[in-house]
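# Architecture and fold: a report
Spelled out, the chains give:
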Amino acid sequence: MLKLYDYELSGNCYKIRLMLSFLDVVHSIESVDFYPGAQHKSPAFLRLNPMGQLPVIEDAGMVLRDAQAILIYLAARYDSQGVWFPRDDPVRLGQIAQWLAFADSITATASVARLHDGLLYSHVDSEAARLGAHKLFRILDEHLYFCEQVEQTWICPGDQPTLADIACFPYVMLSEEGGISRIDYPALRRWCDRFKRIPGFVVMPGIFHAGPGLEASTV
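As a starting point, this report considers the structure included with it. One numbering rule holds for all chains: residues counted from 1, following each sequence as written. With the structure being a predicted model, the display of local features is reserved for residues of pLDDT at least 70 and the display and counting of side-chain atom pairs for 80 or more, all residues being used for whole-chain, interface and lining totals. Side-chain numbers here rest on the full set of heavy atoms in the structure, without hydrogens or water.

Counting along an α-helix, one turn takes 3.6 residues, and residues three or four places apart therefore face a common direction. Counting from the N terminus, the helices are the DSSP runs of H or I reaching at least four residues and the strands are the DSSP runs of E reaching at least two. Expected helix span is taken as 1.5 Å per residue step, with the number of steps being one fewer than the number of residues. For helix H3 (residues 67-78), built from 12 residues, the straight-helix expectation of 16 Å at 1.5 Å per residue is met to within 8% by its first-to-last C-alpha distance of 16 Å. Think of it in three bands: residues with accessible area under 20% of the maximum for their type are buried, residues over 50% are exposed, and the middle band is partly exposed, with areas taken using a 1.4 Å probe on protein chains only. Within the sequence span of H3, burial applies to Ala67, Gln68, Ile70, Leu71, Tyr73, Leu74 and Ala75. Whenever two N or O atoms come within 3.5 Å, that pair is a polar contact, provided that in protein one can donate a hydrogen and the other can accept it, and provided that, for residues adjacent in sequence, both atoms are side-chain atoms. The opening residue of H3, the one whose side-chain oxygen lies 3.1 Å from the backbone nitrogen of Gln68, is Asp66.

Shown next as structure tokens:
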């Protein structure tokens, strides 16, 4: 059985929980005390992931780290229809990969601001992180607005969400925990509402499951 090494409040771990739920993959979860226990830096965990980062999965004798890499693996192994990562469509694959890299930039900004405000990471530049996140949110908001003008619902062309949407969603939704308001990004907020209607959507602490037409709030 697939095992996910998980921290409940991590946006990157949440990406994997979403993917596992969307694909209905049977799995177990081993909780890692990221804060305050710093278990991800323990010798035992570093043997799994020398980078000392979450998430990590074990599946069929393989250990895999990095949220984006895990998303690709799960889609390739468990999505027989090729919906989330259409392996036979090089154009869409390139577009998805482009937005996976963009999601890493969201993590490097919005997540850093959240760590500063929520977990008291005083050694990071939270103001620079917030400014960086706003630049990215503006880019994504404009992209989604123009998508809507041609009746495109998701980040990448097509009728179905892809890994691009899963990769970008968590730290957009958690951004206000780092002092980053989404009020000026209406297309981004509409996309968040659509995402929460995907069958199999699961919540995480800090995201309330708002009803239709209402964007979720953060605590």
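Following the structure, the description resumes.
Glancing now at the pattern of salt bridges. The term salt bridge refers to a pairing of a side-chain nitrogen on Lys or Arg with a carboxyl oxygen on Asp or Glu at a separation within 4 Å. Taken as a whole and assessed by the stated rule, the structure comprises 10 salt bridges. Note that Glu148 is salt-bridged to Arg194, the shortest N-O span being 3.2 Å. Of this pair, Glu148 sits in helix H5 (residues 126-149) while Arg194 sits in helix H7 (residues 186-195); the two residues are 46 residues apart in sequence, bridging distant segments of the chain. Among the charged side chains, a salt-bridge network with shared partners connects Glu148, Arg190 and Arg194.

Now for the packing of H3 against helix H6 (residues 163-173). H6 packs onto H3 with a crossing angle of 145 degrees between their chain directions and a minimal axis gap of 11 Å. By crossing handedness, the relation of H3 to H6 is classed as right-handed. Listed contacts from H6 to Gln68, Leu71, Ile72 and Ala75 of H3 are Leu163, Ile166 and Ala167. The class makeup of the residues in the contact of H3 with H6 is 6 nonpolar, 1 polar and no charged. Lines fitted to C-alpha atoms define the axes, with helix axes restricted to the stretch in contact, and inter-axis angles between N-to-C directions lie between 0 and 180 degrees. Rotating anticlockwise by less than a right angle from the far helix to the near helix defines a left-handed crossing, while the corresponding clockwise rotation defines a right-handed one. Note on contacts: a residue pair is in contact if any heavy atoms of the two residues lie within 4.5 Å. Charged means Asp, Glu, Lys or Arg here, nonpolar means Ala, Val, Leu, Ile, Met, Phe, Trp, Tyr, Cys or Pro, and polar covers whatever is left, Gly included.

What follows deals with the packing of H6 against H7. Direction vectors running N to C along H6 and H7 enclose 115 degrees, while the axes themselves pass 11 Å from each other. Judged by the inter-axis angle, H6 sits roughly perpendicular to H7. Both H6 and H7 take part in a crossing whose hand is left-handed. Of the residues in H7, those in contact with Asp165, Ile166, Cys168, Phe169, Val172 and Met173 of H6 are Leu188, Trp191, Cys192 and Phe195. The scheme is simple: roughly parallel for angles under 35 degrees, roughly antiparallel for over 145, roughly perpendicular for 65 to 115, oblique for anything else.

Moving on, we come to the packing of aromatic side chains. Both the distance between ring centres and the angle between the ring planes are used here to describe each pair of aromatic rings. Note on ring pairs: Phe, Tyr and Trp rings are taken, using the six-membered ring of Trp, and paired if centres are within 6.5 Å. Classes follow the plane angle, with under 30 degrees stacked, over 60 edge-to-face and the rest tilted. Counted by the stated rule, this structure contains 12 aromatic pairs. Ring centres of Phe22 and Phe195 lie 6.0 Å apart, and the angle between their planes is 65 degrees; this geometry places the pair in the edge-to-face category. Residue Phe22 is located in helix H1 (residues 11-23), and its partner Phe195 is located in helix H7; the two are separated by 173 residues in the primary sequence. The class for Phe22 is buried, based on a relative accessible area of 13%. On the basis of relative accessible area, Phe195 is assigned to the buried category, the value being 0%. Ring centres 5.9 Å apart and planes at 85 degrees place the aromatic pair Phe169 and Phe201 in the edge-to-face group.

What follows deals with the nonpolar core. Buried Ala, Val, Leu, Ile, Met, Phe, Trp, Tyr and Cys residues that are joined via side-chain atoms within 4.5 Å together make up what is termed a nonpolar core. Judged by nonpolar contacts, the single largest core of 58 residues is most densely connected at Leu74, Leu163 and Trp191. For this core, the elements supplying multiple residues, two or more each, are strand S1 (2-6), H1, H3, helix H4 (90-119), H5, H6 and H7. Not counting the four nearest positions on each side in its chain, Trp191 is found in contact with Leu144, Thr153, Trp154, Ile155, Asp165, Cys168, Phe169 and Val172. In this structure, Tyr5, Val32, Phe34 and Phe45 belong to the second largest nonpolar core, which totals 9 residues.

The subject of this paragraph is the sheet that holds strand S2 (residues 27-31). Ordered in space as S2-S1-S3-S4, the 4 strands form an open sheet in which the pairing is mixed. Strands at the two margins of the open sheet, each flanked by one partner only, are S2 and strand S4 (62-65). If you compare each strand with its neighbour and ignore which way they point, the axes differ by 20 degrees on average. Pairing between strands requires that DSSP locate at least two bridges from one strand to the other. When S1 meets strand S3 (residues 56-59), the two strands line up antiparallel, connected through 3 bridges.

Attention shifts here to the environment of Thr109. Tracing the chain through its elements places Thr109 in helix H4. Along the backbone, Thr109 and Asp125 are 16 residues apart, and their C-alpha atoms lie at a distance of 9.6 Å. Residues within four places of Thr109 in sequence aside, it is in contact with Ala129, Gly132, Ala133 and Leu136.

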